[in-house]
Each structure stands twice: as C-alpha cells, then as structure tokens.
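This is what each chain is made of:
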Amino acid sequence: MAVPTTPTVATGPGPPRRPYVLLSCATSIDGYIDDATEQRLVLSNEEDLDRIDAVRAGCDAILVGAGTVRRDDPRLVVRSERLRGARVARGLPPSPTKVTLTARGDLDPGARFFTVGDADKLVYCASPAVGKTTELLAGQATVVDAGDPVDHDRILADLAGRGIGRLMVEGGGTVHAQFLTAGLADELHLVVAPFFVGDCQAPRFVAEGRFPWHPGRRARVAEVRQIGDVVLLRYALSDRCGDW
C-alpha cells in the first residue's frame, strides 16, 4: 500500500543538493505547445522523438504535471529496446522513475503514467490532498507531502535524497514556468516545429512571470541543430550545464 512520506532534505556543506534539471518542450513557430482542439497536436517528428528517447534514457527521472497526465495520458517510458537494454546493463531499471506534481490529487489510477512500465512512480502532492491521494493510488505510487502550496525546492531536495541526479521535466507549460521562474532549471531543450497555430485559446510554452533570463541577463545558446523539419535550440540556463 502506498503511504505518504515526508521529504528528506539533503544536507551537507554549501547549498542543498538538487538534481540537474533539464526542461524539454516542443512548440510551433509562434510559441504554442498545442492547439485548442481535443486531439493532441504533434509538433515533433520521428527523428526528434528518437533524440528525446535517448535523453530520457540518460536521466534518472522524468517529471510532468498532473494536467499533462490527465490531458495527454503519457507513458513516460524509454521506447527503444536498445536503450532500455543499455540501462539494464548499467544496473538501472529499463526506464527512469516517473514523477508528477498535483495540488488537488485529481489523478486517474488507470492512467498510463501508473499502469505502463515497472519504473517507480512518485506523486508530490499538496499537503491538504495527501490523504485522499494516498488512498486513491494505493499500491500504484509513492505519495509524498510536498507542502502547501507545492514547494519545488522541497521536491528537488527529496528527489536528490532518493538518488535522482538528473531530472527531465517534460511539461506542461505551467510546470515549465514554475521551474523557470524559480531559477531551478539548468538546461532547456526547445524544439520548434515548422508551422503556426495562431489561436490565442491554445496553450503556450510558458505564461506570464518574472523569469531570471531577460534582456539584461541572456541565456547562453549551447547548441542549434536541425533535425529533419524541426530545429533544436539548446540553452544553458546555469553554470552546471557544462557538467553534463
């Protein structure tokens, strides 16, 4: 049975340890991550999906928000048999740990996040919803009290305490904005698809906020690469980016 746990904050000299945080997102030319229809908009291509699979395989955990779990029903597993085998050969599970954040605990136990793959599943939940979420996901995930409101520093410290050294954050836009505005991102992979959405009702990459990167403090471009008909822009958002 899943029981709620209280994060163990990493200790030691210097600032609290946290995983290396890599944000990954695909947008249209005009900055949208989806359209306003019920059908999911495919922004990437097969070649880039293979690249994303390799990035996933090199991470210890993959994080998405509860809204992404509800809306997109992602599996969040490594697709390639070769990459899964390489992880197993290194003594790792075939796919990284799955992580989600929720304020209300409004999650479907039948979602593929919980039912696909053998990776550990962690649900960081706002304190008021911990009890009902633990009951809802009994036997399927470890529910962790993440404070009220959800505290991202606390989450990252807990992940570090669980041995997570490299975290991939795949969205959605609200979660990406939370990590960015808090200055908790080390690297951003932004893929631009060759078309426009042009619908103000559609979700954008990030909403309004006070971001650490602005005209007076520009993010460093680490790489620009064409991948078929999309372009990968890789930005270094902290001095840690060169470490990986």
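Residues numbered from 1 in each chain as written. Predicted model: local features only at pLDDT ≥ 70, side-chain atom pairs only at ≥ 80, totals over all residues. Heavy atoms only, no water.

Tell me about the overall build of the protein, residues and numbers included.
Helices and strands together make up the secondary structure of the protein, namely seven helices and nine strands. Taking 18 Å as the expected radius of gyration for a compact globule of 244 residues, we find that the protein reaches 18 Å, a close match to that expectation. Seen through its principal axes, the protein has C-alpha atoms that stretch 45 × 45 × 40 Å. Within the protein, contacts between residues separated by at least 24 positions form 71% of all contacts whose residues are at least 6 apart in sequence. Roughly 12200 Å² of accessible area belongs to the protein as shown, and the carbon and sulfur atoms make up 51% of that amount. Positive and negative side-chain charges of the protein, numbering 29 and 32 respectively, have mean locations separated by a distance of 4 Å. (Helix = DSSP H or I, 4+ residues; strand = E, 2+ residues; numbered from the N terminus. Rg over C-alpha atoms; globule rule 2.2 N^0.38 Å. Contact = heavy atoms within 4.5 Å. Areas by Shrake-Rupley, 256 points an atom, 1.4 Å probe, with all protein chains shown as cover. Lys, Arg positive; Asp, Glu negative; His and termini not counted. Charge placed at Lys NZ, Arg CZ, Asp CG, Glu CD.)

Give me the lowdown on the side chain of S44, citing residues and values where you can.
In this fold, S44 is placed in the loop between β1 (20-27) and α1 (46-57). A polar contact is formed between the side chain of S44 and the side chain of D48, at a distance of 2.5 Å. Non-local contacts of S44, meaning those with residues more than four positions away in its chain, are made with L49 and V230. (Polar contact = N/O pair within 3.5 Å; in protein donor to acceptor, adjacent residues only side chain to side chain.)

Give a description of the pairing of strand β7 (residues 187-192) that names residues and reports values.
In terms of burial, β7 is a largely internal element, five of the six residues being buried. As paired elements, β1 and β7 share six bridges and run parallel to each other. In the sheet register, C25 faces β7, and the bridge partner there is L190. Here β7 pairs with strand β9 (residues 230-236) via six bridges, running antiparallel. Bridged to L190 within β9 is L233. (Buried < 20%, exposed > 50% of the residue type's maximum accessible area, 1.4 Å probe, protein only. Pairing = 2+ DSSP bridges.)

Which residues make up helix α7 (residues 173-181), and what are the values?
Turning to α7, its buried residues number three or more, namely G173, V175, H176, A177, F179 and L180. Here the buried face of α7 lies against β1, β2 (61-65), β3 (97-102), α6 (152-161) and β6 (166-169). Within two residues after α7, G183 carries a phi angle of roughly 70 degrees, on the positive side.

I'd like to hear about α6, residue by residue, with values.
Structurally, the α-helix is built with 3.6 residues per turn, so residues lying three or four positions apart point the same way. Burial analysis of α6 places seven of its ten residues in the buried class, which makes it a mostly covered element. Listed in full, the buried residues belonging to α6 are H152, I155, L156, A157, D158, L159 and A160. If you follow the buried residues of α6, they end up packed against β1, β3, β4 (121-125), β5 (142-145), β6 and α7. The N-terminus of α6 is capped by D151, whose side-chain oxygen sits 3.0 Å from the backbone nitrogen of D153. Immediately beyond the C-terminal end of α6, within one or two residues, lies G163, with a positive phi of roughly 90 degrees.

For the packing of aromatic side chains, give the residues involved together with the corresponding values.
The tally for this structure, following the rule as stated, stands at one aromatic pair. On the numbers, 4.9 Å between centres and 75 degrees between planes, the contact of F113 with F114 is edge-to-face. Note on accessibility: F113 and F114 belong to one class, buried. The ring of F113 has K98 lying over it, and the distance from NZ or CZ to the ring centre is 5.8 Å. Note that R204 overlies the ring of Y32, its terminal NZ or CZ placed 4.5 Å from the centroid. (Phe/Tyr/Trp six-rings, centres within 6.5 Å; stacked < 30°, edge-to-face > 60°. Lys NZ or Arg CZ within 6 Å of the ring centre and 35° of its normal.)

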